[in-house]
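Here are the chains, one letter per residue:
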Amino acid sequence: MSERAHTHRRRPAGKRRTAAALTAALALTGGALATDAMLRPAGAATAAVPAWPGATGTQAVSSTIPVSGTYDGSLKRFYGSGDLGGGGQEEGQDPLFKLADGATLKNVILGSPAADGVHCSGSCTLQNVWWEDVGEDAASFKGTSTGSVYTVYGGGARKASDKVFQFNGAGKLVVTKFQVADFGKLVRSCGNCSKQYKREIIVNDVDVTSPGKALVGINTNYGDTAALRSVRVHGDSSKKIKPCVRYTGNSTGAEPTETGSGPDGTYCRYTASDLSYD
């Protein structure tokens, strides 16, 4: 089959000028959009909340599992049984996992009941750890060295009637790429521990879904600081969740006194652009 010969007709000059102008306008618009996307603050765009993983199996835990080095749970669900199966909110419960200084716990799902979750005796890393129903606390950080660093990377927690992360010890806690939903406080610097320390908290690139009460609570009288960056808050258009709450802590066991909330440039370190709402 032979191809049909095409007859080339000259386009009128006016139409050529119109097409050229339209092409130029589209190019300018595209360039402006690209420039706007580059200049837009990172926190202004709300990313979708990552999905929770499914468990690859289940394992009952009747006594605390000690961890030194790295423990990879392969996304198995661990839940308390026997002495760890109470499921209450009482203080002083034992954890499902107890990490030695320098240990890493990764790819673990904590089911219900979860007892007192995870205890870190010193510096530790919690990577891709998920709490389906927080018991007393999701994790407690208890190192006594000012050089201790506690790293929470990935993972998530929900159904925490009080605290998710209890910061009792000294050093720095960094929470990155985490998600939390239906909670009291994401991080609380202990307000009435018998031994008190200066504590540094960094919360970065996290998704927060209401209901919740506060992201961070710190004790200004001990020099605590909290920095918030790229926090995405979902379902809280009235902004009831307080990003950072300041307290006067004590070592007597008395209830600490709340002294204020919001950014102050010294203890609560963030600006409005560090949080986005949808």
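Residues numbered from 1 in each chain as written. Predicted model: local features only at pLDDT ≥ 70, side-chain atom pairs only at ≥ 80, totals over all residues. Heavy atoms only, no water.

1. Focus on the overall build of the chain
Next, step 1: What the chain contains, in helices and strands, is one helix and 19 strands.
Next, step 2: Sequence-distant contacts in the chain: of pairs separated by 6 or more residues, those separated by 24 or more amount to 60%.
Next, step 3: With the model as given, the accessible surface of the chain reaches about 14000 Å², and the carbon-plus-sulfur share is 51%. (Helix = DSSP H or I, 4+ residues; strand = E, 2+ residues; numbered from the N terminus. Contact = heavy atoms within 4.5 Å. Areas by Shrake-Rupley, 256 points an atom, 1.4 Å probe, with all protein chains shown as cover.)

2. Some points on unusual backbone geometry
Next, step 1: Ser112 connects to Pro113 through a cis peptide bond whose omega is 0°.
Next, step 2: Within the fold, Pro113 resides in the loop between strand E5 (103–110) and strand E6 (118–120).
Next, step 3: Here the residue pair Ser210 and Pro211 is connected by a cis peptide bond, since its omega of 5° sits within 30 degrees of zero.
Next, step 4: Within the secondary structure, Pro211 is located in the loop between strand E13 (199–209) and strand E14 (214–219).

3. Observations concerning the environment of Val61
Next, step 1: Relative to the assigned elements, Val61 resides in strand E1 (residues 58–61).
Next, step 2: On the basis of relative accessible area, Val61 is assigned to the buried category, the value being 2%.
Next, step 3: A C-alpha to C-alpha distance of 9.1 Å links Val61 and Asp83, two positions 22 residues apart in sequence.
Next, step 4: Beyond its immediate sequence surroundings of up to four residues, Val61 is in contact with Phe78, Tyr79, Gly80, Ser81, Leu84 and Leu96. (Buried < 20%, exposed > 50% of the residue type's maximum accessible area, 1.4 Å probe, protein only.)

Everything listed here is a matter of geometry and, on its own, says nothing about what the molecule does.
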